[in-house]
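# A closer look at the structure
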Amino acid sequence: MSFSLIEIDPVYHVYSGQFSSFPEEIAVHGLSCRRGGVSEAPWASLDLGLHVGDDPAAVIANRRRYLAALGLDASQLVTPEQVHGEAIARVGSREAGRGALLYADSIAQTDALITDEPGLPLLLCFADCTPILFLDPVHRAVGIAHGGWKGTVRRIAAKTVLRMQQEFGTRPEELLAAIGPSIGPCCYEVGPEVERQFKEAFPGHEAELFSHPDEEGGTHLSLWAANRLQFEEAGVLPEHIDEARCCTACHHEDFFSYRADGGRTGRLGAVIALRPA
Ligand SMILES: [Zn+2]
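Presented here is an overview of the structure given in this document. Note that the structure is predicted; figures quoted are calculated from it, not measured.

### Focus: helix α6 (residues 223-234)
Relative to the 16 Å expected for 12 residues at 1.5 Å per residue, α6 spans 17 Å between its end C-alpha atoms, a close match to the ideal helical length. L223, W224, A225, A226, N227, L229, Q230 and F231 are the residues of α6 that are buried. G235 occupies a position one or two residues after α6 and carries a positive phi of about 100 degrees.

What follows is the structure in structure tokens.
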């Protein structure tokens, strides 16, 4: 298992992160990088978020460029509002294009999308929060969840696995999961309230979740570990959980980072779409 950045558009030098464990013949997926787009600073340049103050025409052009390089049709993409909640929506051909051109038209109050519709690209946007990808190669279904600290402490990854079981008959032991680039335990210092909630939600796992890398500094949290724990509890096999282990704050020359860029920045996109059977 590995995660690597690949140049998918040699004309505009667009890069995309890919997990080697996700079979390309079943689904196309990617985590977009910062370069190769048309947005101006502070969103320069491949900003995929329509809700962060960037020129919508630039974002739509970026989405078109990135999805085209993945072989996908950006006019068909489905994207949710993302409110740091735990709502999961199953989408299909009826929802094609929801949120593609207008943020107000995206799937409301939702932080995870799942589908078994071939060719329907799912898009979620991130800047330090954790993109979580799901692929059931047996029942041919995919999903993406938004794991910020709030979604993670509410177990959105585990809840998405459960929902895929209900909707598609997904068996956890057959599911492939991936934890994308996001703020790492190296850079993610949290306050006492967040620490308390994670201790309560994941009792007995303090050693995996928390660290104190700076002598004088506070507690650092690993969202990667908290999401891996949920997958293991849900019955996903450890060898089926791929992790980018790539910190967006440390690597903010490659990825947008809310913390490293001082709050005003673009959004990377996590995209997945099933190929036709
Ligand atoms: Zn870092």
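### Let's talk about the coordination of the zinc ion
Protein ligation of the zinc ion involves C186 (SG), C187 (SG), C247 (SG) and C250 (SG), the donor distances falling in the range 2.2 to 2.4 Å. Relative to the metal, the 4 donor atoms surrounding the zinc ion lie at angles of 104 to 116 degrees, and the coordination shape comes out tetrahedral. Positions of the donor residues of the zinc ion, expressed as sequence spacing, correspond to C-C-x59-C-x2-C. Pair noted here: C186 is in the loop between β9 (176-179) and β10 (189-190) and C247 is in the loop between β13 (241-243) and β14 (268-274), with a separation of 61 residues, a long-range link. The exposure class assigned to C247 is buried, which follows from its relative accessible area of 4%.

### Remarks on the pattern of salt bridges
All told, the structure shown has 16 salt bridges when counted by the stated rule. Across the pair R163 and E167 runs a salt bridge whose closest N-O atoms are separated by 3.0 Å. Of the two residues, R163 and E167 are both situated in helix α3 (residues 156-168); the distance of 4 residues between them amounts to about one turn of the helix. Owing to a relative accessible area of 22%, R163 belongs among the partly exposed residues under this scheme. In this structure E167 comes out as partly exposed when scored by relative accessible area, which is 28%. A salt bridge links K199 to E195; its shortest N-O distance comes to 2.9 Å. Here the residue K199 and the residue E195 both occupy positions in helix α4 (residues 192-201), the gap between them amounting to 4 residues, near one helical turn.

### What about the sheet that holds strand β11 (residues 210-211)?
The strand order β10-β12-β11 describes an open sheet built from 3 strands, whose pairing is antiparallel. Strands at the two margins of the open sheet, each flanked by one partner only, are β10 and β11.

### Observations regarding a negative patch on the surface
Taken together, the side chains of E189, D214, E215 and E216 define an acidic patch exposed on the protein surface. As for its position among the elements, E215 is in the loop between β11 and β12 (219-221).

### Remarks on the pairing of strand β5 (residues 112-115)
A two-sided burial pattern is seen for β5, the buried positions comprising A112 and I114 on one face and L113 and T115 on the other. Taken together, the 3 bridges between strand β4 (residues 88-90) and β5 define a ladder with parallel strand orientation. Paired with R90 across the strands is I114, a residue of β5.

### Here's the deal with the sheet that holds strand β8 (residues 141-147)
Sheet strands associate in pairs through backbone hydrogen bonding, adopting either a parallel or an antiparallel arrangement. Taken in spatial order, the 6 strands of this open sheet run β4-β5-β8-β7-β9-β13, and their pairing is mixed. Of all the strands in the sheet, just β4 and β13 have a single pairing partner and so form its edges. The sheet shows a mean angle of 15 degrees between the axes of neighbouring strands, taken without regard to direction. Of the strands in this sheet, β4, β5, β7 (130-136) and β8 are in contact with α3, which crosses β5 at around 25 degrees.

Cut-off values and rules
- Residues numbered from 1 in each chain as written.
- Predicted model: local features only at pLDDT ≥ 70, side-chain atom pairs only at ≥ 80, totals over all residues.
- Heavy atoms only, no water.
- Helix = DSSP H or I, 4+ residues; strand = E, 2+ residues; numbered from the N terminus.
- Expected span 1.5 Å × (residues − 1).
- Buried < 20%, exposed > 50% of the residue type's maximum accessible area, 1.4 Å probe, protein only.
- Donors = N, O, S within 2.8 Å, 3.2 Å for Na, K, Ca; no water.
- Tetrahedral: all angles 85-135°; square planar, octahedral: opposite > 155°, others 65-115°.
- Salt bridge = Lys/Arg side-chain N within 4 Å of Asp/Glu carboxyl O.
- Pairing = 2+ DSSP bridges.
- Patch = residues over 30% accessible without salt bridge, like charges linked within 9 Å, V, L, I, M, F, W, Y side chains within 5 Å.
- Areas by Shrake-Rupley, 256 points an atom, 1.4 Å probe, with all protein chains shown as cover.
- Lys, Arg positive; Asp, Glu negative; His and termini not counted.
- Charge placed at Lys NZ, Arg CZ, Asp CG, Glu CD.
- Axes fitted to C-alpha atoms, helices over the stretch in contact; angles between N-to-C directions.
- Contact = heavy atoms within 4.5 Å.

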